Every structure is written in structure tokens, then in C-alpha cells.
Amino acid sequence: MKTTIVSPKTYTYGSLILGGILRERGHAVTITRDLSTTGEVTLLSLFSTSQLLDPEIKEFAKRSSKIYVGGPVGLVPEIVLGELEVDAVVMGEGEEVVVDLVEEGPSAEIPGLAFLQDGEVVKTEPVPASDLDHVMPLIPEDLKSQNVRGANVYIETHRGCLGGCTFCQVPRFFGRSIRSRSLENILAEVREMKKMGVARVAVSGGTGSLFGYGKEVNKEAFIELLSSLAEILGPRNLSVPDMRVDFVDEEILEAVREYTVGWVFFGIESGSEKMLKVMKKGTTPEKNLEAVDLAHRCGVKVGGSFIVGYPGETEEDYQATLDFMDEAMLEDVFASVAEPIPGTPLAKLALDYPKDDNLLYREHAGDYRALKLSEAEARCFNLMLHGQNCKPIPKIVDDATYSAFLEEARTQGRDVRRVMDLLEKYRGQIV
Ligand code: SF4
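Residues numbered from 1 in each chain as written. Predicted model: local features only at pLDDT ≥ 70, side-chain atom pairs only at ≥ 80, totals over all residues. Heavy atoms only, no water.

**Examining the overall build of the protein**
At step 1: Broken down by element type, the protein carries 15 helices and 16 strands.
At step 2: Along the longest, intermediate and shortest principal axes, the C-alpha atoms of the protein span 60 × 50 × 40 Å.
At step 3: Evaluated residue by residue, the protein yields a buried proportion of 55% over its 431 residues.
At step 4: Long-range contacts, defined here as pairs at least 24 residues apart, represent 70% of the contacts in the protein between residues at least 6 apart.
At step 5: Roughly 18800 Å² of accessible area belongs to the protein as shown, and the carbon and sulfur atoms make up 50% of that amount. (Helix = DSSP H or I, 4+ residues; strand = E, 2+ residues; numbered from the N terminus. Buried < 20%, exposed > 50% of the residue type's maximum accessible area, 1.4 Å probe, protein only. Contact = heavy atoms within 4.5 Å. Areas by Shrake-Rupley, 256 points an atom, 1.4 Å probe, with all protein chains shown as cover.)

In C-alpha cells, the structure reads:
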């Protein structure tokens, strides 16, 4: 049976693994980012809610004869089944499901599936992968030319997160305990990728340094992972984007400096202690600042991500974020309008929050009022501009940068309002 895995625009790591599993079981399987190719069976890998609203993806699903969807969107299958004409949704991890699904089609015997039967959504309980040491992924020829924030590919070293941030789908999808792959399995995969021309690899997973976590952080395992990967790829070709501030120390940060491109990205989210509590971030502005300072002392550059427009964020909370940025002097800043991803506690909070108080819908009446932005968009735009000013070496904002930031803030506001509309539409089924 010819199976085609379609991962629109970007190859997700999950799609490569499922391709490897099917190939191992003797299937003729191809993988593509192109939405014009379908197979006898099509597996569609989707990672963001906005993909469910993409007209091209909707059209693709419609014309595919047997099509199954997987990825983080599977957390709320009611929305997927309502928005796309597909035969089933994989609700959790796909390793234990994919072969039976492709060979037999959806049934109540297969765990972790959702499909429509007589107009009703039938769901079976998901099972996590029994072993993360998987067969060699299916590595597409053009993986080497993919660019995802500077890397050709993000590989997974472990799953799960100890955190419970209310806006994040990682602990909901992968759980709150850490399951790690073996070092040998990871290195074999990266060697194979390198043979296929892949040069730059990023280590993903909610928090890089949780690799090898047992009862506590296993620094040695993480440092050995970085040094072994750097031996294969060269340190300038390895990055560890995401780290929690409470799971780094001097030794870890020095390893990041020595074996990687020398950056960490902290999810700082807000400079307001109140908002960090609302987000259940488990950190404080002081802890965030200490971690940034420590990274700088260890010679590591820091990117920080921030969320604006979270339900309950006041003008004072937002000002605290700007003040934090002044003090932290981050080398890079990422600003996002709070996105209520379906299946997260934030989605419920956003639905329950009065629309009149929601900054996504309130017109901005301050300095940027001529730009006709919502308050959430104005905060996002201003934060991006502010991020340029408070770098260790401030950057001048030229016309092109100004326009790009403005466009980005508007796009985010529009996309998050679309997600809100989607949540409203399915309110009765998902809350
Ligand atoms: S620490 Fe990061 S990965 Fe973990 S729940 Fe929070 S945002 Fe998600």
C-alpha cells in the first residue's frame, strides 16, 4: 500500500519518525511538504491550530481518499474533525498506532484515535510510545535545505515537561514526566542525517536540560549529549533553543557555550509576578533575571520570549515586562500575543473571560492609536520595538524593521482572534 506522509511547509520530527516505522514494516512510504501529493493512504502532520483554517489544507483533506491527521492538533479532535474532511485523528503519540491505522483503517480497537461514526465522535484512550528509541526516521532528500529558525531540523531527545504552564500544550500532549531516548539512538540518527547533507540541528523538547532526567536534573547526561552531538556536527551547527530558567546552572551554561552556537532561549513570558502566577510558570521575575545574568556571565547569549495580552494583564503588568527587559538586556526578544491553544487551560480561561475585557478586541487608545491596532497587538508591537532598544548594543529601528514588526503584530492579533472564533464555535463540545 502506498502511503504518503504530508507535513505542510515544514517537516515535523514526528512525521519523519512515523515514516521510519512504516518503512521498517515494509510499506512503500514517501514524505513531502507539498500539498499536491496524495497516496492510497495519506497521513497529514499538523502542529498549529491555524493550519486547520488554512484553505489549502482544507482543500487537500477534501480531495484525499483515505486521510488521517496527527500532531499536537490531535489534543482536541472535535475541532479537527469539524474543520477538515478527514477519516480519523490520532489524539496522542503515533508510534503505537500508525501501522494498524494504515493497514486496517480506523476502528475502536486501535488506541488513541478519534473518528466520526453516525455523526458522533468516537474516541479511544491514547497510549504513549512504549520506547522512544525508535527505528531510523525517514529522512527526506530535501531536509538539508529546510530552515526552521536557523536549523535544518529539530530533533527530539526526550518527551514531557515538569512544568505546567497554562498556555502550553507540551505537558498535555506528552505528559508531565520525562522520558528520554538513549544517547546511542540519538547519535545514530544524527550521523545518518549528516550523511544526508543535514548540517544544522536543534535539540528540541520543552526544556533541553531535562534530557536524561531521573529524580533530578542529570547534568552529566545533558553535557555528554551536547559534546557528542558537537563532535558529529561541529559546535557552530548545534543549538539548544529552549531552556527553563530553573534547570540551568553554571556547568550547563558553560557546556552550551562550548558545544553549541552559544545561545539559550528562556520562556520569560512576563515581568509581572502576578502574571507569572496566572500562567503557572513556576518562576518569578527575580529568578528569570538571575538566570539571564548567569548566562551572560558564562558567555552565553540569551533570547527571551514574552507573552502579551494574557487574560488579566493590566497596564502595570505590561510596564513590569518592559522594565524587566531594560534590566535584563537580552540579545534577542520574541513577542507573542497570548494564543489560547485548544486543549490548554488558557483556552478555557480565554473562553470564560469577558470579551469586553479581552485585549484582543479592545481598540488601542495610546501612542499607536493612528495605526488602528487592538491593545494586544499594540503591546506586542511595542515590545518588539522595545526589545531592539534594550539589547546590550541597541539596534536602530529602520523603516523596514518597523514595518515588519507592525505586520507581525497585526498578523498575530488576527490569527489569535481566529483561534478564539474556533473555540467559540466548538465551545459546547470541548469545554
Ligand atoms: S516549561 Fe516550557 S515546555 Fe514546559 S510547560 Fe512551560 S512552556 Fe511548556
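Next, the rest of the story.
**Here we look at the sheet that holds strand β1 (residues 2–6)**
At step 1: The seven strands are arranged β2-β1-β3-β4-β5-β6-β7 in an open sheet whose pairing can be described as mixed. Each end of this open sheet is capped by a strand with a single partner; those strands are β2 (28–32) and β7 (120–123). Averaged over all pairs of adjacent strands, the angle between strand axes in this sheet comes to 20°, irrespective of strand direction.
At step 2: The sheet contact formed by strand β6 (residues 113–117) and β7 spans four bridges and is antiparallel. Paired with Phe-115 across the two strands is Val-122, which belongs to β7.
At step 3: Contacts between helix α2 (residues 55–63) and the sheet are confined to β1, β3 (41–45) and β4 (67–70), with β3 contributing the most and set at about 160° to the helix. (Pairing = 2+ DSSP bridges. Axes fitted to C-alpha atoms, helices over the stretch in contact; angles between N-to-C directions.)

**Considerations on the sheet that holds strand β14 (residues 263–269)**
At step 1: Ordered in space as β13-β14-β15-β16, the four strands form an open sheet in which the pairing is parallel. A single partner strand is all that each edge strand has here, and the edge strands are β13 (242–243) and β16 (332–337).
At step 2: As defined by bridge partners, β14 adjoins strand β15 (residues 301–308) across six bridges and the pair is classed as parallel. Paired with Trp-263 across the strands is Lys-301, a residue of β15.
At step 3: Against the sheet, helix α10 (residues 285–297) makes contact with β14 and β15, and its axis sits at roughly 170° relative to β14, the strand it touches most.
At step 4: Contacting β14, β15 and β16, helix α11 (residues 315–328) runs over the sheet at an angle of about 175° to β15.

**Side note on the domain arrangement of the protein**
At step 1: The assigned domain composition of the protein is domain 1 (2–123), domain 2 (139–239) and domain 3 (262–431).
At step 2: Put simply, the middle of domain 1 and the middle of domain 3, counted by C-alpha atoms, are 32 Å apart.
At step 3: Between domain 1 and domain 3, the contact holds eight residues from the first and eleven residues from the second.
At step 4: Buried surface at the junction of domain 1 and domain 3, summed over both partners, amounts to about 930 Å²; 73% is from carbon and sulfur atoms. (Domains from an automatic or database assignment. Buried area = accessible area lost by both parts, 1.4 Å probe.)

**Describing α10**
At step 1: An ideal rise of 1.5 Å per residue puts 18 Å on 13 residues; α10 measures up with 18 Å between its terminal C-alpha atoms.
At step 2: Its buried side turned inward, α10 meets α8 (250–259), β14, α9 (273–278), β15 and α11.
At step 3: Immediately downstream of α10, the backbone of Gly-299 shows phi near 80°, a positive value. (Expected span 1.5 Å × (residues − 1).)

**Focus on the packing of aromatic side chains**
Each aromatic ring pair is summarised here by two numbers: the centre-to-centre distance and the angle between the ring planes.
At step 1: Evaluation of the coordinates by the stated rule reveals six aromatic pairs.
At step 2: Both rings, one in Phe-173 and one in Phe-174, keep their centres 4.9 Å apart while their planes meet at 90°; by these two values the pair is edge-to-face.
At step 3: A relative accessible area of 24% means that Phe-174 is categorised as partly exposed.
At step 4: By way of ring pairs, the aromatic residues Trp-263, Phe-265 and Phe-334 are connected into one cluster.
At step 5: Lying across the ring of Tyr-361, Lys-355 places its NZ or CZ 4.5 Å from the centre. (Phe/Tyr/Trp six-rings, centres within 6.5 Å; stacked < 30°, edge-to-face > 60°. Lys NZ or Arg CZ within 6 Å of the ring centre and 35° of its normal.)

**Topic: the pairing of β1**
At step 1: In terms of residue burial, β1 counts as a mostly covered element, since four of its five residues are buried.
At step 2: Taken together, β1, helix α1 (residues 13–24) and β2 form a β-α-β motif whose crossover is right-handed.
At step 3: Inspection of the sheet shows β1 paired to β3 by four bridges, in the parallel sense. Looking at β3, one finds that Thr-3 is bridged to Val-41. (Right-handed = clockwise from strand over helix to strand, strands pointing away.)

**Some points on the side chain of Asn-358**
At step 1: If you trace the backbone, Asn-358 turns up in the loop between α12 (345–352) and α13 (375–389).
At step 2: A residue is classified by how much of its surface remains accessible, and Asn-358, at 7% relative accessible area, is buried.
At step 3: Within the local environment of Asn-358, its side chain forms a polar contact with the backbone nitrogen of Leu-360, the two atoms lying 3.0 Å apart.
At step 4: Excluding residues that lie within four positions of it along the chain, Asn-358 makes contacts with Tyr-353 and Met-420. (Polar contact = N/O pair within 3.5 Å; in protein donor to acceptor, adjacent residues only side chain to side chain.)

**Re the environment of Gly-105**
At step 1: Inspection of the secondary structure assignment puts Gly-105 in the loop between α4 (98–104) and β6.
At step 2: The buried category is assigned to Gly-105, whose relative accessible area is 11%.
At step 3: C-alpha of Gly-105 to C-alpha of Val-41: the two residues are 64 residues apart in sequence and 9.5 Å apart in space.
At step 4: Each residue touching Gly-105, except ones within four places of it in the same chain, is listed here: Tyr-68, Asp-100 and Ile-110.

**What to know about the nonpolar core**
Considering soluble globular proteins, one finds that nonpolar side chains tend to be buried as a cluster.
At step 1: By size, the foremost hydrophobic cluster in this structure holds 99 residues, and its most contacted members are Val-264, Phe-266 and Phe-381.
At step 2: If you tally residues by element for this core, the top one is helix α7 (residues 219–233), at eight residues.
At step 3: Beyond its immediate chain neighbours, meaning those up to four positions away, Phe-381 contacts Tyr-368, Leu-371, Leu-373, Tyr-402, Phe-405, Leu-406 and Ala-409. (Core = buried A, V, L, I, M, F, W, Y, C linked by side-chain atoms within 4.5 Å.)

**Focus: the pattern of salt bridges**
At step 1: According to the stated counting rule, one finds 25 salt bridges in the structure shown.
At step 2: Across the salt bridge formed by Glu-251 and Lys-219, the nearest N and O atoms sit 3.0 Å from each other. Residue Glu-251 is located in helix α8, and its partner Lys-219 is located in helix α7; the two are separated by 32 residues in the primary sequence.
At step 3: For Glu-251, a relative accessible area of 42% gives the class partly exposed.
At step 4: Given a relative accessible area of 22%, Lys-219 falls into the partly exposed group.
At step 5: The closest approach of N and O atoms between Arg-417 and Glu-377, which form a salt bridge, is 2.8 Å. Of this pair, Arg-417 sits in helix α14 (residues 399–425) while Glu-377 sits in helix α13; the two residues are 40 residues apart in sequence, bridging distant segments of the chain.
At step 6: According to the relative accessible area criterion, Arg-417 is partly exposed, its value standing at 24%.
At step 7: Within this structure, Glu-93, Glu-95, Glu-156, Arg-159 and Arg-179 form a network of salt bridges that share partners. (Salt bridge = Lys/Arg side-chain N within 4 Å of Asp/Glu carboxyl O.)

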